[in-house]
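A closer look at the structure
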Amino acid sequence: MSTKECGHHGDEHRRKLLRLIIAAVASLVFLILLTIFIIYLILKPTKPHFMIQDITIYNFNISSPTSSPFPTPNTLSLTMQVTLSTHNPNNKIGIYYQKLHVYASYRSQQISFPTALPDTYQGHKDFTVWSPFIYGVGVPVSPFTLSSLQQDESNGMVLVSVKVNGRVKWKVGSWISGRYHVFVNCPAYVRFVGDRNNGIGVVSPAVKFQVLQSCSVDV
């Protein structure tokens with residue numbers, strides 16, 4: 001047999017071996033994905049349920065523009081504490097909550113700084129309760145937002161949305177999924193109380209509102 005024929009057979013052997021390796025890797029990946037899919041169909045993970053239980057308002061005020069040669073916008077300052085509860089409705093799936101942040105929003109405008117919630121593992125059918133403080137200092141508000149707040153003041157109530165943004169992981173036995181984005185929106189009506197002669201808002205002493213409002217959850 002010539003040297004040329006030996007080289008040809010050697011190349012063919014390597015190509016067959018490479019095809020076998022690719023086929024084996026593809027089969028392994030397919031089996032892994034199929035197993036995950038079957039587990040998902042059997043367990044049917046359900047997204048967690050969130051509820052806002054109460055809100056304690058310490059400060060919620062609009063400041064008027066200062067008189068100066070340079071115009072300044074109205075700003076909003078707020079301090080409040082919210083009680084959030086979450087329930088894992090799954091019988092066989094645990095939930096890891098990671099990098100969660102909670103903040104307040106009014107008419108789609110964020111009006112507070114994000115407050116971090118602790119990373120938490122939630123077992124089957126478990127409940128978890130958080131009570132974070134939410135702060136906003138000198139948050140500029142648009143003329144439209146100011147007009148809406150003035151209208152809410154005349155109605156005696158304001159709709160504030162408490163929102164949670166972060167990541168979750170599913171845990172089945174020793175298997176832990178990848179991270180999924182979770183977004184929670186908790187609408188809550190808050191009454192205007194106290195002395196409002198100096199502007200719009202809630203002033204001391206602190207006022208606690210029982211809300212007990214379910215939240216929408218997207219995962």
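Residues numbered from 1 in each chain as written. Predicted model: local features only at pLDDT ≥ 70, side-chain atom pairs only at ≥ 80, totals over all residues. Heavy atoms only, no water.

A side chain of one charge can pair with a side chain of the opposite charge if their charged atoms are brought near each other. Inspection of every chain in the model, using the stated rule, returns one salt bridge. As a salt-bridge pair, Lys208 and Asp54 come within 4.0 Å of each other at their nearest N and O atoms. In this pair, Lys208 is assigned in strand 13 (residues 207-214) and Asp54 in strand 1 (residues 49-63), connecting sequence segments 154 residues apart. (Salt bridge = Lys/Arg side-chain N within 4 Å of Asp/Glu carboxyl O. Helix = DSSP H or I, 4+ residues; strand = E, 2+ residues; numbered from the N terminus.)

In this section: the nonpolar core. Counting 41 residues, the largest nonpolar core has Ile55, Phe60, Met80 and Val162 as the members making the most contacts within it. When contributions to this core are tallied by element, the ones reaching two or more residues are strand 1, strand 2 (75-87), strand 3 (94-106), helix 2 (143-155), strand 9 (157-172), strand 11 (180-191) and strand 13. Residues within four places of Ile55 in sequence aside, it is in contact with Met80, Gln81, Val82, Val162, Ala188, Val190, Val207, Lys208, Phe209 and Val211. (Core = buried A, V, L, I, M, F, W, Y, C linked by side-chain atoms within 4.5 Å. Buried < 20%, exposed > 50% of the residue type's maximum accessible area, 1.4 Å probe, protein only. Contact = heavy atoms within 4.5 Å.)

Let us look at the packing of aromatic side chains. Evaluation of the coordinates by the stated rule reveals six aromatic pairs. Here Tyr97 and Trp130 contribute two aromatic rings whose centre-to-centre distance is 5.7 Å and whose plane-to-plane angle is 90 degrees, an arrangement assigned as edge-to-face. With Tyr97 in strand 3 and Trp130 in strand 7 (residues 127-130), this pair connects stretches of sequence that are 33 residues apart. Of the residues examined, Tyr97 reaches a relative accessible area of 0% and is grouped as buried. The class of Trp130 is buried, set by a relative accessible area of 5%. Arranged with centres 6.2 Å apart and planes meeting at 20 degrees, the rings of Phe133 and Tyr135 form a pair that is stacked. Judged by its relative accessible area of 41%, Tyr135 falls in the partly exposed class. A network of ring pairs unites the aromatic residues Phe50, Tyr97 and Trp130 as a single cluster. (Phe/Tyr/Trp six-rings, centres within 6.5 Å; stacked < 30°, edge-to-face > 60°.)

Here we come to the state of the cysteines. Note on terminology: a disulfide is the covalent bond linking the sulfur atoms of two cysteines. This model, assessed by the stated rule, comprises one disulfide. The disulfide partner of Cys186 is Cys215, and the gap between their sulfur atoms is 2.1 Å. Handedness of the Cys186-Cys215 disulfide follows from its S-S torsion of about 105 degrees: it is right-handed. You can see Cys186 sitting in strand 11 and its partner Cys215 sitting in the loop between strand 13 and strand 14 (216-218), a full 29 residues away along the chain. (Disulfide = S-S within 2.5 Å.)

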